[in-house]
Amino acid sequence: GNVPSLLLQSLEITQQIPKLIDEVEAGARDFMPTPDAMSSAARRAYRCRRTLLLQFTNDALDDSEILEGYLKEAESVMKMKRPMITIDL
């Protein structure tokens, strides 16, 4: 069931820790993932069933439309893995 999946996710997380420690030791203070990294992570790992995206009129940094696309891709990935899952945007 879910135990192998949970173990794999835990392993992926623990494998990231040494790199994170090295980055902090080297002086990293901010987390700024690339758009490609965010896209990949959203498609691969997003699991919330309902999501509220807020968009403001005068926000030059707003990426909500792009994020909505990522979430729709994540939904299609989840439907392939677990057909009974529905994500409401």
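Residues numbered from 1 in each chain as written. Predicted model: local features only at pLDDT ≥ 70, side-chain atom pairs only at ≥ 80, totals over all residues. Heavy atoms only, no water.

Caption draft 1: Expanded view of the overall build of the protein chain. Tallying secondary structure elements over the protein chain gives three helices and zero strands in all. For the protein chain, the N- to C-terminal ordering of α and β elements is α-α-α. Across the 89 residues of the protein chain, 12% fall into the buried class. Long-range contacts, defined as pairs at least 24 residues apart, comprise 57% of the intrachain contacts of the protein chain with a sequence gap of at least 6. (Helix = DSSP H or I, 4+ residues; strand = E, 2+ residues; numbered from the N terminus. Buried < 20%, exposed > 50% of the residue type's maximum accessible area, 1.4 Å probe, protein only. Contact = heavy atoms within 4.5 Å.)

Caption draft 2: Highlighting the side chain of Ser-64. In this fold, Ser-64 is placed in helix H3 (residues 64-81). With residues up to four places along the chain from it excluded, the contact list for Ser-64 reads Leu-53, Leu-54 and Gln-55.

Caption draft 3: Here's a closer look at the environment of Thr-14. Within the secondary structure layout, Thr-14 lies in helix H1 (residues 2-25). A polar contact is formed between the side chain of Thr-14 and the backbone oxygen of Leu-11, at a distance of 2.9 Å. (Polar contact = N/O pair within 3.5 Å; in protein donor to acceptor, adjacent residues only side chain to side chain.)

Caption draft 4: Region of the structure containing a nonpolar patch on the surface. A cluster of nonpolar side chains, contributed by Leu-52, Leu-54 and Phe-56, occupies part of the molecular surface with about 390 Å² of accessible area. For Leu-54, the location among the structural elements is in the loop between helix H2 (35-45) and H3. Judged by its relative accessible area of 56%, Leu-54 is exposed. (Patch = residues over 30% accessible without salt bridge, like charges linked within 9 Å, V, L, I, M, F, W, Y side chains within 5 Å. Areas by Shrake-Rupley, 256 points an atom, 1.4 Å probe, with all protein chains shown as cover. Salt bridge = Lys/Arg side-chain N within 4 Å of Asp/Glu carboxyl O.)

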